[in-house]
Amino acid sequence: MQPGAGGGAIRVLNVAEKPSVAKAVAEILSRGSMQSRAGRSQYNRVFEFNYAINGRACRMLVTSVTGHLMELEFEDRFRRWHSCDPADLFHAPVRKSVPQDKQAIKQTLEEEARRCQWLVLWLDCDREGENIAYEVIEVCTGANSHLNIYRARFSALIAREIHESMQHLGRPNKLFADAVDARQEIDLRIGASFTRFQTMLLKDAFVIDVTGDDRNLVLSYGPCQFPTLGFIVERFWEIQAHEPEEFWTINCTHTSDEGTASFGWIRGHLFDYPSALILYEMCVQEPMATVQNVRNQEKFKYPPYPLSTVELQKRASRYFRMSSERTMKVAEELYQAGFISYPRTETDNFSPNTDLHAIVREQVEHPVWGAYADRLLSPEERLWRNPSNGGHDDKAHPPIHPTKFSRGENNWSPDHTRLYELVVRHFLACCSQPAVGAETTVEINIAGEQFNASGRVVLAKNYLDVYRFDSWGGTLLPTYNIGQQFVPTTLTLDSGVTRPPPLLAEADLLSCMDKAGIGTDATMHDHIKKLLDRCYATKDENTRFSPTNLGEALVMGYDEMGYELWKPYLRSMMEADMKSVSIGTKSKSEVLESCLQQMKACFLDARVNKAKLLDAMGTFFARSSRPINETQNPTEVVRPCAVCRESEMVLKQRQTGGFMVGCRGYPQCRNVVWLPGSISEASVTNQVCPICTPGPVYKIQFKFRRRDIPPNFDADHLGCVGGCDDILKELMEISRFGSHSHTATPARGQTPNGVRQGAPRQDLHNNFRPAGQLNNENPSVMHSQGFRSTHTQNPSNASDAGQVLCTSCGEPCINRIANTEANRGRKFYKCQDPGCGFFKWEDELDNATPRGRRGRGRGSSRQAPASASAGRRGGSQARGRRGRGRNADGGMFVSATGDPVSGCCFTCGDPSHFANACPNRR
């Protein structure tokens with residue numbers, strides 16, 4: 001669409017993707033006569049000048065963003081790692097907004113848009129650029145809904161391209177933007193859910209020292225990252241599985257006055273030595289060779305196709321051992337400086353409208369390849385040939401080619417020089433005739449066995465004269481005629497051993513990704529870099545990749561589950577769906593629904609089979625002595641922690657089935673509230689209590705067991721644990737002290753959790769009775785939320801004599817012997833349930849570990865109730881140390897495990913609080 005002429009001068013806001021591009025566009029359009037002023041962002045200036053678009057006078061304002069203006073993220077409630085079940089992230093609400101660090105750019109766009117009539121978008125002409133364009137549109141139209149919006153399409157920052165684009169403006173493509181939106185949301189949801197799942201499952205279960213700080217380790221998962229890792233691991237496994245096998249082959253040479261010819265055996269080689277020996281002895285007994293055929297053929301070696309992004313990365317890796325990430329960084333800098341065309345393109349054929357001769361003509365003055373460029377333009381040389389069509393066209397950019405002549409700039413690094421040389425030589429080569437050679441093949445017969453030899457002579461090098469990266473050599477054979485006979489100079493039976501394939505080189509990895517459709521030409525190098533950054537793979541000096549133990553373990557775990565999440569098929573289908581969105585054959589919502597539904601099913605199955613992932617990790621890493629992170633279970637944010645004021649209090653369900661509300665900052669912060677055992681179900685709602693502070697305090701939907709509460713109360717109750725809910729207080733008081741407070745047990749005496757039935761369960765309640773009414777045998781614990789909690793000792797149940805019982809589920813543990821390098825031969829106990837995290841070294845067992853030899857019944861009944869022992873310890877400390885460990889009301893602080901914590905504030909000495917909650921804290 002062309003902007004119409006007529007009317008007065010108009011103000012046009014031009015927005016580029018980077019500050020350097022904005023400056024280059026402004027310099028070209030203004031021919032150097034422009035004014036510059038600061039924007040709200042110190043890095044994104046605004047350039048002003050006069051210009052005419054199709055004869056209409058315009059006041060141009062050119063500014064920029066810095067890549068994406070907006071970020072896609074989960075809403076606040078789901079952003080923290082432990083705020084929800086990772087499976088919820090497949091449907092949790094997301095939002096796209098301008099982050100804080102780009103608010104200044106947003107303000108500049110809004111201020112300038114209010115004073116303009118047109119908006120011209122100079123973003124990169126690919127899907128990603130189109131998505132950024134619509135981010136700019138959203139911000140600008142929010143400030144001025146009457147803007148007339150246009151799109152400038154260009155492939156190089158040169159005067160010819162920029163002026164042509166300005167005079168032929170189009171409209172932005174919403175389908176391209178939708179395709180990127182779909183990809184971003186799919187990658188966010190899949191990546192976040194699997195990353196949280198495997199990090200929380202594995203980080204605390206094993207000693208993973210790949211980064212030196214395994215407590216801050218993130219085991220990331222990416223829909224493109226993992227299939228890329230899969231290529232590396234699969235080749236590594238192929239090498240490991242290779243078994244060398246010896247083979248035998250017969251070789252023959254013949255030397256004459258014209259030289260030596262080496263003949264190879266048509267059979268190649270045999271793995272059976274007796275058979276090879278028999279055939280060799282036949283040749284030795286009748287060694288006369290007879291020439292059966294002589295073929296002379298003209299052969300051509302064709303120049304490469306025009307240069308695409310993937311091909312640029314592959315060739316830079318092969319020729320210069322330059323990483324794909326470095327290649328794209330240097331190419332981007334050369335593009336922004338105007339020396340090469342846009343470096344992110346899938347196109348490998350030139351449009352018929354491209355003036356290829358003009359591009360070649362610019363290189364005639366170069367001291368190295370200028371003479372070849374001159375020959376290429378000369379009709380007498382007959383060296384010119386229009387470039388071949390590689391069959392790919394992204395309809396956005398031409399192949400990568402030089403756009404400005406340079407003998408080398410002072411600020412160029414060796415990588416800039418090499419990459420510019422590659423682009424120029426590649427372009428000159430693809431406009432050249434192929435190399436021509438004469439190939440001769442001679443076939444001979446010795447005792448019925450066939451042998452052949454080949455030789456080649458290059459008749460015309462043509463493109464090879466400029467493309468020094470290719471070679472096409474050969475050997476010159478002596479002259480042979482059909483029927484000629486001769487006795488070989490040597491005839492030998494040689495042996496060899498089959499060799500495994502080499503590790504994947506970066507160029508080969510890029511080829512695998514390209515063929516499988518993993519990522520795009522502009523993102524492949526990012527996926528490779530992430531593997532190295534996450535310590536999933538390493539790269540040697542020959543650019544060959546090997547998986548680390550961590551990378552191999554993760555792939556092995558998912559492979560054992562039977563899923564092919566590390567294979568390219570799922571991502572290939574997703575990329576195909578993105579392309580369908582970009583051309584309008586599928587809708588964004590349709591692709592999101594199908595992809596996320598499929599991946600959520602995989603996620604749920606993977607979580608059910610997490611034991612296989614644990615087993616795979618156990619093959620490479622030693623078990624950790626740290627307790628497995630409780631947050632593997634779904635957790636929900638209830639409120640900010642009023643003690644540490646840094647973390648959040650979350651609702652958790654313990655392995656015993658009970659509920660608790662604890663600070664996520666544990667062990668630094670030990671603020672915890674134990675909920676009573678009469679609650680069978682609990683879930684945090686979106687309803688916020690309007691009374692309790694600090695907020696927000698989310699209400700919890702409780703379900704009490706009917707047998708544990710009086711009949712005049714509802715079993716379902718929406719309550720607040722902040723201290724304002726009188727009904728909840730009464731229900732909890734009844735649950736703790738009433739006649740219905742005892743949970744059902746299979747027999748009198750000891751309950752399943754090891755506490756005597758005569759001792760009431762001690763759980764959460766509020767300030768129900770004065771502190772003086774609480775005796776020393778039943779100390780209560782005051783929390784900042786206004787509720788009290790008490791200590792309940794861990795069970796000490798026993799079963800079969802001589803066995804160690806799991807402290808979580810009470811089942812007998814199994815004994816194993818470690819086989820890791822650090823603990824080889826050391827015995828340990830683990831729970832029979834793969835989903836349980838209990839683990840204990842045999843030589844670290846102490847009296848606290850439940851063993852079967854303690855027996856049941858009477859032996860167990862002699863032990864003092866946990867509440868009594870805790871009370872006596874509390875009473876003793878109160879008398880001897882001024883109530884140390886108690887607050888002003890007589891309550892006692894407890895840890896997240898329920899153990900009493902003694903001490904006082906070391907800042908002010910007050911025993912009612914610790915230093916992290918001290919009002920005098922600075």
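Residues numbered from 1 in each chain as written. Predicted model: local features only at pLDDT ≥ 70, side-chain atom pairs only at ≥ 80, totals over all residues. Heavy atoms only, no water.

### So, a negative patch on the surface
A cluster of acidic residues, Asp559, Glu560, Glu564 and Asp615, forms a negative patch at the surface. Mapped onto the elements of the fold, Glu564 is located in the loop between helix H16 (549-561) and helix H17 (569-583). On the basis of relative accessible area, Glu564 is assigned to the partly exposed category, the value being 41%. (Patch = residues over 30% accessible without salt bridge, like charges linked within 9 Å, V, L, I, M, F, W, Y side chains within 5 Å. Areas by Shrake-Rupley, 256 points an atom, 1.4 Å probe, with all protein chains shown as cover. Salt bridge = Lys/Arg side-chain N within 4 Å of Asp/Glu carboxyl O. Lys, Arg positive; Asp, Glu negative; His and termini not counted. Charge placed at Lys NZ, Arg CZ, Asp CG, Glu CD. Helix = DSSP H or I, 4+ residues; strand = E, 2+ residues; numbered from the N terminus. Buried < 20%, exposed > 50% of the residue type's maximum accessible area, 1.4 Å probe, protein only.)

### Comments concerning unusual backbone geometry
Of note in the backbone geometry, Asn54 takes a positive phi value of approximately 50° without being a glycine. Residue placement: Asn54 occurs in the loop between strand S3 (46-53) and strand S4 (56-64). A relative accessible area of 28% means that Asn54 is categorised as partly exposed. Unusually for a residue other than glycine, Asn462 sits at a positive phi of about 50°. With respect to the secondary-structure elements, Asn462 resides in the loop between strand S13 (449-460) and strand S14 (485-486).

### Quick notes on the environment of Arg295
With respect to the helices, strands and loops of the structure, Arg295 is situated in strand S11 (residues 289-301). Counting along the chain gives 145 residues from Arg295 to Thr440, while the straight-line C-alpha distance between them is 5.6 Å. Excluding residues within four positions of it along the chain, Arg295 makes contact with Glu439, Thr440, Thr441 and Glu443. Polar side-chain contacts of Arg295 include one of 2.8 Å to the side chain of Glu443. (Contact = heavy atoms within 4.5 Å. Polar contact = N/O pair within 3.5 Å; in protein donor to acceptor, adjacent residues only side chain to side chain.)

### Points about the sheet that holds S14
The strand order S14-S11-S12-S13-S10-S9-S15 describes an open sheet built from seven strands, whose pairing is antiparallel. Edge positions in the open sheet fall to S14 and strand S15 (490-497), since each of these has one partner strand only. Both strand S9 (residues 246-256) and S15 contribute to a ladder of eight bridges, which runs antiparallel. Looking at the pairing, Cys252 lines up with Leu491 of S15. Seen against the sheet, helix H8 (residues 273-285) touches S9, strand S10 (259-265), strand S12 (435-446), S13 and S15 and runs at an angle of roughly 165° to S15. (Pairing = 2+ DSSP bridges. Axes fitted to C-alpha atoms, helices over the stretch in contact; angles between N-to-C directions.)

### Topic: helix H12 (residues 370-377)
Within H12, the full set of buried residues consists of Gly370, Tyr372, Ala373 and Leu376. One side of H12 carries all its buried residues, which in axial view fall inside an arc of 160°. Residues of H12 that are buried in the fold lie against helix H11 (356-361) and helix H13 (414-430). (Arc of directions from axis to C-beta.)

### What to know about the packing of aromatic side chains
Within this structure, the stated rule accounts for 29 aromatic pairs. With a centroid separation of 6.2 Å and 35° between ring planes, the pair formed by Phe263 and Phe486 is classed as tilted. Of this pair, Phe263 sits in strand S10 while Phe486 sits in strand S14; the two residues are 223 residues apart in sequence, bridging distant segments of the chain. Since its relative accessible area comes to 2%, Phe263 is described here as buried. Sitting over the ring of Tyr134, Lys174 keeps its end group 5.6 Å from the ring centre. (Phe/Tyr/Trp six-rings, centres within 6.5 Å; stacked < 30°, edge-to-face > 60°. Lys NZ or Arg CZ within 6 Å of the ring centre and 35° of its normal.)

### Some words on the packing of helix H7 (residues 225-241) against H16
The interhelical angle for the contact between H7 and H16, taken along N-to-C directions, is 95°, at an axis separation of 10 Å. Put simply, H7 runs roughly perpendicular to H16. Contacts from Phe226, Leu229, Val233, Phe236, Trp237 and Gln240 of H7 reach H16 at Gly551, Glu552, Leu554, Val555, Met556, Tyr558 and Asp559. Grouping the constituent residues of the contact of H7 with H16 by class yields nine nonpolar, two polar and two charged. (Parallel < 35°, antiparallel > 145°, perpendicular 65-115°, else oblique. Nonpolar A, V, L, I, M, F, W, Y, C, P; charged D, E, K, R; others polar.)

### Some remarks on the pairing of strand S7 (residues 118-122)
Two faces, one strand: in a regular strand the side chains alternate between the faces of the sheet. Among the five residues that make up S7, five are buried, leaving the element largely enclosed by the rest of the structure. The side-chain alternation of S7 yields two buried faces, one formed by Trp118, Val120 and Trp122 and the other by Leu119 and Leu121. Inspection of the sheet shows strand S1 (residues 10-16) paired to S7 by five bridges, in the parallel sense. For Ala16, the partnering residue across the bridge sits in S7 and is Trp122. Handedness of the S7-helix H4 (residues 127-143)-strand S8 (residues 148-151) crossover: right-handed. (Right-handed = clockwise from strand over helix to strand, strands pointing away.)

### Observations regarding the side chain of Glu185
Its location among the elements puts Glu185 in helix H6 (residues 174-202). Other than its neighbours up to four places away in sequence, Glu185 contacts Leu72, Val94 and Leu592.

### Things to note about a nonpolar patch on the surface
Residues Val457, Leu459 and Leu476 make up a contiguous nonpolar surface patch of about 300 Å² in total accessible area. In this fold, Leu476 is placed in the loop between S13 and S14. Using a relative accessible area of 63% as the deciding quantity, one classes Leu476 as exposed.

### Focus: the pattern of salt bridges
Counted according to the given criterion, the structure contains 44 salt bridges. With a closest N to O distance of 3.0 Å, Arg183 and Glu128 form a salt bridge. You can see Arg183 sitting in helix H6 and its partner Glu128 sitting in helix H4, a full 55 residues away along the chain. In this structure, Lys329 and Glu333 form a salt bridge, with 2.8 Å as the shortest nitrogen-oxygen distance. With a gap of four residues between them, Lys329 and Glu333 both fall in helix H10 (residues 324-336), about one helical turn apart.

### A short note on the sheet that holds strand S28 (residues 827-830)
Across the sheet, three strands lie side by side as S27-S28-S29; this open sheet has antiparallel pairing. In this open sheet, the two edge strands, each paired with only one partner strand, are strand S27 (814-817) and strand S29 (839-841). Taken pair by pair, the neighbouring strands of this sheet meet at an average axis angle of 30°, ignoring direction. Across three bridges, S28 lies against S29 in antiparallel orientation. When the bridges of S29 are listed, Phe828 appears paired with Trp841.

### So, the side chain of Glu48
With respect to the secondary-structure elements, Glu48 resides in strand S3. Judged by relative accessible area, which is 13%, Glu48 ranks as buried. Within the structure, the side chain of Glu48 is placed 3.2 Å from the side chain of Arg59, a separation counted as a polar contact.

### Describing the confidence of the model for the protein
Do not read the fine detail of predicted coordinates wherever pLDDT is low. Confidence in the prediction for the protein averages 81 pLDDT; 80% of positions are at 70 or higher. This stretch, residues 738-801, has a pLDDT under 50; its non-local contacts, to residues over four places away or in other chains, come to 169 contacts. Across residues 847-902, where pLDDT falls below 50, the model places 123 contacts with residues more than four positions away in sequence or in other chains. (pLDDT = per-residue confidence, 0-100.)

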